[in-house]
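Now for the letters of each chain:
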Amino acid sequence: TQLLEQSPQFLSIQEGENLTVYCNSSSVFSSLQWYRQEPGEGPVLLVTVVTGGEVKKLKRLTFQFGDARKDSSLHITAAQPGDTGLYLCAGVYGQNFVFGPGTRLSVLP
Amino acid sequence: ETGVTQSPTHLIKTRGQQVTLRCSSQSGHNTVSWYQQALGQGPQFIFQYYREEENGRGNFPPRFSGLQFPNYSSELNVNALELDDSALYLCASSSAGTGDYGYTFGSGTRLTVV
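Remember, it's a predicted structure, so these values are computed and weren't measured experimentally.

K.L.:
Please clarify how the overall build of chain B should be interpreted in this entry.
P.N.:
Each helix and strand counted, chain B has zero helices and eleven strands in total. Of the regular secondary structure in chain B, the N- to C-terminal order runs β-β-β-β-β-β-β-β-β-β-β. In terms of C-alpha radius of gyration, chain B reaches 13 Å, essentially the compact-globule figure of 13 Å for 114 residues. Across its three principal axes, chain B shows a C-alpha extent of roughly 35 × 25 × 25 Å. In chain B, which comprises 114 residues, the proportion classed as buried is 51%. For chain B, the computed accessible surface area is about 5,300 Å², with 47% contributed by carbon and sulfur atoms.

K.L.:
I'm lost on the sheet that holds strand β3 (residues 19–24) of chain B in this one. Help?
P.N.:
Backbone-to-backbone hydrogen bonds join strands into a sheet, with any given pair of strands oriented parallel or antiparallel. Residues and elements named next belong to chain B. Across the sheet, which stays open at both edges, the four strands sit in the order β1-β3-β8-β7 with antiparallel pairing between neighbours. Edge positions in the sheet fall to β1 (5–7) and β7 (64–68), since each has one partner strand and no second. Here the strands of the sheet are splayed against their neighbours by 20° on average, with no regard to which way each runs. Judged from the three bridges that link them, β1 and β3 form a sheet pairing that is antiparallel. Bridge assignment links S7 to a residue of β3, and that residue is R22.

K.L.:
Hey, could you run me through the state of the cysteines in this one?
P.N.:
Between two cysteines, a covalent bond joining their sulfur atoms is known as a disulfide. Taken as a whole, this structure holds two disulfides over all chains when the rule is applied. Disulfide pairing is shown between C23(A) and C89(A); the S-S distance is 2.0 Å. Since a negative S-S torsion denotes a left-handed disulfide, the C23(A)-C89(A) link at about 75° is right-handed. Placement of the pair is C23(A) in strand β3 (residues 19–24) and C89(A) in strand β9 (residues 85–93), with a sequence separation of 66 residues. For the pair C23(A) and C89(A), a shared accessibility class is recorded, and that class is buried. Through a disulfide, C23(B) is tied to C91(B); the S-S separation comes to 1.8 Å. The S-S bond linking C23(B) to C91(B) shows a torsion near -60°; that makes this disulfide left-handed. One end of the pair, C23(B), is in strand β3; the other, C91(B), is in strand β9 (residues 87–94), and 68 residues separate them in sequence. Comparing C23(B) with C91(B), the two get one shared label, buried.

K.L.:
Just to check I follow, could you spell out the interface of chain B and chain A for this structure?
P.N.:
Reports of interface size often rely on the accessible area that becomes lost once the parts have come together. Taken together, the contacts link 23 residues of chain B with 22 residues of chain A. For the interface between chain B and chain A, the tally reads four residue pairs in polar contact (both at pLDDT 80 or more). For the side of chain B that touches chain A, the elements supplying multiple residues, two or more each, are β4 (31–37), β5 (44–50), β6 (53–57) and β9 of chain B.

K.L.:
Just to check I follow, could you spell out the pairing of strand β4 (residues 32–37) of chain A for this structure?
P.N.:
Residue and element names in this part refer to chain A. The buried count for β4 comes to five of six residues, which makes it a mostly enclosed element. Pairing between β4 and strand β5 (residues 44–49): five bridges, direction antiparallel. The partner of Q33 across the bridge, within β5, is T48. Where β4 folds back onto β5 in an antiparallel hairpin, the turn is made up of six residues, including G40, whose phi is positive at roughly 80°. In this structure, β4 lies alongside β9, joined through six bridges in antiparallel fashion. Counted as the bridge partner of Y35 is L88 from β9.

Calculation rules
Each chain carries its own residue numbering, running from 1 in the written order of its sequence. To label them, take the chains in the order written and letter them from A, then take the ligands in the order written and number them from 1. Given that the model is predicted, a residue must reach a pLDDT of at least 70 before its local features are reported, and side-chain atom pairs must reach 80 or more before they are shown or counted; all residues, however, enter totals for whole chains, interfaces and linings. Derived side-chain values reflect all non-hydrogen atoms in the structure, with water molecules and hydrogen atoms excluded from consideration. In this text, helices come from DSSP runs of H or I with a minimum length of four residues, and strands from runs of E with a minimum of two, each type numbered from the N-terminal end. Using C-alpha atoms as the atom set, the radius of gyration is obtained and then compared with a globule rule of 2.2 Å times the number of residues to the power 0.38. Categorising residues by exposure relies on relative accessible area from a 1.4 Å probe, with only protein chains included: less than 20% of the type maximum marks a residue as buried, more than 50% marks it as exposed, and the intermediate range marks it as partly exposed. In short, Shrake-Rupley with a 1.4 Å probe defines the accessible areas, and a residue's cover is counted only from the protein chains shown. By the convention used here, strands pair only if DSSP detects at least 2 bridges between them. In this analysis an axis means a line fitted to C-alpha atoms, helices contributing only their contacting stretch, and an angle means the value between N-to-C directions, from 0 to 180 degrees. Whenever a pair of cysteine sulfur atoms sits within 2.5 Å, that pair is classed as a disulfide. We call two residues contacting when some pair of their heavy atoms lies within 4.5 Å. In protein, a polar contact requires one atom able to donate a hydrogen and another able to accept it; more generally it is a pair of N or O atoms within 3.5 Å, and residues adjacent in sequence count only if both atoms are side-chain atoms.

Here it is, written out as structure tokens:
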């Protein structure tokens, strides 16, 4: 059983389109993080959200933490081929730091 | 500042053998965690070391063990390798004990067990 669920599992879109990916849990997290991982590399931290309802923007990426701190979303505006990668959400659960299974995004030129 | 470095980058071992993977944490970080990432999946938490003590462990058998050294570098040891141990092994470091402020990951060691 995954503590963190992500949807969709796979997403293939055309350059210029908008998209939203989701991270959900039945547990409350003190914070959630989003990472992007490219093939052959380790995950790279994009953002940390801490407060319920918090919205953070990073250029064309908008991250939101749910009011109850059980879910989060990542919205990408005008996707570009460089956005292609595996998007992972992660959070602290007890003493452990757990990842979701990821959303694999492919942006076609 | 230097990031997290892992060695080796690739490794092929035979079933039943033992392997040691190494990780140098980012300067100033005192917490190191190890993850196993199977192909097409998210990283699975193996264990975490904070100031040389194990500070949490995931659902991995005892043949997965680790060490953290006074300079905060770390080793992951796996005994009696099985075919299912083939994966990308990631090391991550942070400056907070629980990683609330985000981890810096290395590029990983790709282990293949044949």
